[in-house]
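Examining the three-dimensional arrangement
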Amino acid sequence: MDWTWTAKRRRQFCRGALATCSLTMSACAGSQSILEPAGMQAASIAKLFWWMFGGGALVWILVVAAALYVIKVQPGERQVRKDQWLIVGGGILFPAAVLSALLVYGLSLMPHSRLNEQADLNVNVAGEQWWWRVQYETTEGEVVELANEIRLPVDKSALFNLTSDNVIHSFWIPSLGGKVDMIPGRTNQMLLEPTRTGIFSGACAEYCGTSHTFMRFRVQVMKQQAFEHWLTHQAQPARPPATAAASEGLRIFMSNGCATCHTIRGTDASGRLGPDLTHVGSRLSLAAGTLPMAPASFVSWIDHTRNIKPGADMPPFAVLGEDKLDALAAYLSGLE
Ligand code: CUA
């Protein structure tokens, strides 16, 4: 087969390369992108990325130019002195200067010194298998627990205290900042300051077990007043069931062992193993970001926990049957 570089092949190659580039770049947009920063820390990471990208592109161009020079120039035409300078300059001096500059610049962006500043808000997040336990402290000193959802006021700093009592997880909200590991026996801290409102996605960035990939969460950045209103509401006990189906759901919840693992403040359910469900119906997603928030999602989740999240501690409760699952879903989705 003839593989010469014809004009047609060149056009096909360019088209393919363009399609690949636009596909890869489109994956960089959206609610989980480091290239669309929505926070101060993410902005400095994006800046560092573009400087490194520019530096890398420049070095690549110089290397290609050097390779072309070697191919084009006949051995007899080369001047040894010039070649030696090319090796010393391009092989030692230039990379040393570029790498030193990038190192100094990268170190200057490191956030350590800023952790000592007083943050506007403290949020504790613990990595569980495989979900996120989230705690806020209200201005009255009360601790409010929820799961798999973080809300933050815009233009305010939030200090995250990150822990784990099982394996190593890594807490990452790409739109807001870098990732920090959650290591058993330690509390790692991270400061984030969102600069625009919106809903962003977070994920676990350290392989932590079977359902690592299903360990997701949503982050909603809100105006200060809306945030305070939300936190005050989250601190309140659960609302009592509003319909007959929901009352039946509460009865089923209490009589089938759900309360052993879950807390619903305002009821007798005070289990600590699984997520706090006091306001589960108000969350943006269910089962650590894997299902949309809807009554049907509660049914699917309770019915097939381990199909949706392999290795989950919560066993599937298919044994309850359709009617009981519907009643449970009516109660839980009403917990707004
Ligand atoms: Cu937790 Cu990966």
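Above this note sits the structure.
Everything in this summary refers to the structure shown in the same document. All figures in this text were calculated on a predicted structure; none of them were measured in a lab. (Residues numbered from 1 in each chain as written. Predicted model: local features only at pLDDT ≥ 70, side-chain atom pairs only at ≥ 80, totals over all residues. Heavy atoms only, no water.)

To continue, consider the sheet that holds strand β9 (residues 198-204). A sheet is described by the order of its strands in space; here five strands give the open sequence β4-β10-β9-β6-β7, paired in mixed fashion. A strand with exactly one partner marks an edge of an open sheet, and here the two such strands are β4 (149-153) and β7 (179-182). Taking the axes of each pair of neighbouring strands and ignoring which way they run, one obtains an average angle of 25° across the sheet. Summarising the sheet, strand β6 (residues 169-172) and β7 pair through four bridges and their orientation is antiparallel. Counterpart to F171 in the pairing with β7 is V180. Docked against the sheet, helix α4 (residues 224-235) engages β4 and β10 (216-222), running at close to 140° with respect to β4. (Pairing = 2+ DSSP bridges. Helix = DSSP H or I, 4+ residues; strand = E, 2+ residues; numbered from the N terminus. Axes fitted to C-alpha atoms, helices over the stretch in contact; angles between N-to-C directions. Contact = heavy atoms within 4.5 Å.)

Glancing now at the state of the cysteines. Enumeration over the complete set of coordinates arrives at zero disulfides. Residue C258 stays outside any disulfide, its sulfur separated by 8.6 Å from that of C261, the closest cysteine. Residue classification places C258 among the buried positions, given a relative accessible area of 13%. (Disulfide = S-S within 2.5 Å. Buried < 20%, exposed > 50% of the residue type's maximum accessible area, 1.4 Å probe, protein only.)

Turning next to the packing of helix α5 (residues 244-255) against helix α9 (residues 322-333). The N-to-C vectors of α5 and α9 enclose an angle of 105°; their axes lie 7 Å apart at closest approach. Taken as axis vectors, α5 and α9 run roughly perpendicular relative to one another. For the pair formed by α5 and α9, the contact residues are A245, A246, E248, G249, L250, I252 and F253 on the first element and K324, A327, L328, A330, Y331 and L332 on the second. Grouping the constituent residues of the contact of α5 with α9 by class yields 10 nonpolar, one polar and two charged. (Parallel < 35°, antiparallel > 145°, perpendicular 65-115°, else oblique. Nonpolar A, V, L, I, M, F, W, Y, C, P; charged D, E, K, R; others polar.)

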